[in-house]
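If you want the building blocks of each chain, they are given just below.
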Amino acid sequence: MTDPTPGIDPYGATGATGATGATRYGGPAGAADHGGTTSAGSSDHAPGDVSSIGSIISDISADLSTLIHQELELAKVEVKDSATKAGKGAGLLGGAGVAGHMALLFLSIALWWALGSAFDNRGWAAVVVGVIWGIIAAVLAAMGRKDLKTINGMPRTVETAKQVPDALKGNEGRA
């Protein structure tokens, strides 16, 4: 099957046509071509030539550099978007927390007032409401402490991070 437009990648990359007529894709559109062909379309080195291996490695290096750069830019955009959404959500949760606090405050005052009318002593009613909130605080603190004790951190990440230096040296199987 022949390419209807030689030298053009259907995915947007530019290419150069070599001596065999095959199209070599050199990366994203607009990226510099790092060798392999001349402007006339003929190959500037023979097959198996050491300089052609060097140009292939150069192409791979340039493409890898471009890929890493593009991935980093994508990550920056995604992190900014996520941070913006997280900030908005945190602000809304903060507002809900303040509203919930006010609701509990006024419900506590209403309970204090109702118990004060029942006991005919507002002082003891305030103590009862305070003790109720103290019990609730103690139960929540105990539950939170128990949950915090079960946190293991990042054991898998720490383990794989320890393996990176050996993997870079080629010793990943000799640990």
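Residues numbered from 1 in each chain as written. Predicted model: local features only at pLDDT ≥ 70, side-chain atom pairs only at ≥ 80, totals over all residues. Heavy atoms only, no water.

*Asks:* How should the overall build of the protein be read in this particular structure?
*Replies:* Along its length, the protein carries three helices and two strands. Looking at the 175 residues of the protein, the share that counts as buried comes to 10%. Here the analysis covers contacts within the protein between residues at least 6 apart in sequence; of these, 16% occur between residues at least 24 apart. (Helix = DSSP H or I, 4+ residues; strand = E, 2+ residues; numbered from the N terminus. Buried < 20%, exposed > 50% of the residue type's maximum accessible area, 1.4 Å probe, protein only. Contact = heavy atoms within 4.5 Å.)

*Asks:* Is there a simple way to explain the environment of Thr-150 in this structure?
*Replies:* Within the element layout of this structure, Thr-150 appears in the loop between helix H2 (122-149) and helix H3 (155-169). Overall, Thr-150 belongs to the exposed group, its relative accessible area being 56%.

*Asks:* Would you take a moment to explain the packing of aromatic side chains for this structure?
*Replies:* Given two aromatic rings, their pairing is described by the distance between the two centres and the angle made by the two planes. With the rule as written, the count across this model stands at one aromatic pair. Taking 6.1 Å as the distance between ring centres and 80° as the angle between the ring planes, the aromatic pair formed by Trp-112 and Trp-113 counts as edge-to-face. Positioned above the aromatic ring of Trp-113 is the side chain of Arg-122, whose terminal nitrogen or guanidinium carbon lies 3.8 Å from the ring centre. (Phe/Tyr/Trp six-rings, centres within 6.5 Å; stacked < 30°, edge-to-face > 60°. Lys NZ or Arg CZ within 6 Å of the ring centre and 35° of its normal.)

*Asks:* Sorry, what's going on with the pattern of salt bridges here?
*Replies:* Where side chains of opposite charge bring their charged atoms close, a pairing between them can arise. Summed over the entire model, instances satisfying the criterion amount to two salt bridges. The partner of Lys-76 in a salt bridge is Glu-73, and the shortest N-O contact between them spans 3.6 Å. With Lys-76 and Glu-73 both in helix H1 (residues 50-119) and three residues apart, the pair spans about one turn of that helix. On the basis of relative accessible area, Glu-73 is assigned to the partly exposed category, the value being 34%. Linking Lys-85 and Asp-81 is a salt bridge whose minimum nitrogen-to-oxygen distance equals 3.5 Å. With Lys-85 and Asp-81 both in helix H1 and four residues apart, this pair spans about one turn of that helix. Take Lys-85: its relative accessible area is 58%, and that puts it in the exposed class. (Salt bridge = Lys/Arg side-chain N within 4 Å of Asp/Glu carboxyl O.)

*Asks:* Just checking my understanding: could you explain unusual backbone geometry for this structure?
*Replies:* For residues besides glycine, phi is generally negative; the peptide bonds are generally trans as well. Its identity as a non-glycine residue notwithstanding, Asp-120 has a phi of 60°, on the positive side. Its place among the elements puts Asp-120 in the loop between H1 and H2.

*Asks:* Explain H2 to me, please; I cannot follow it from the model alone.
*Replies:* Residues spaced three or four apart along an α-helix face the same direction, because each turn holds 3.6 residues. With 28 residues, H2 should reach 40 Å at 1.5 Å per residue; the first-to-last C-alpha distance of 41 Å fits that figure. With a side-chain oxygen lying 3.0 Å from the backbone nitrogen of Gly-123, the N-terminal cap of H2 falls on Asn-121. (Expected span 1.5 Å × (residues − 1). Polar contact = N/O pair within 3.5 Å; in protein donor to acceptor, adjacent residues only side chain to side chain.)

*Asks:* What exactly am I supposed to notice about the confidence of the model for the protein here?
*Replies:* Detailed reading of predicted coordinates is not advised where the pLDDT is low. Per-chain confidence: the protein averages 77 in pLDDT, with 67% of residues scoring 70 or above. Low pLDDT, under 50, characterises residues 7-43; the predicted model gives this stretch 62 contacts beyond four residues in sequence or across chains. (pLDDT = per-residue confidence, 0-100.)

*Asks:* Would you take a moment to explain the side chain of Ser-108 for this structure?
*Replies:* Residue placement: Ser-108 occurs in helix H1. A relative accessible area of 14% places Ser-108 in the buried class. Apart from the residues lying within four places of it in its own chain, the contact partners of Ser-108 are Val-129 and Trp-133.

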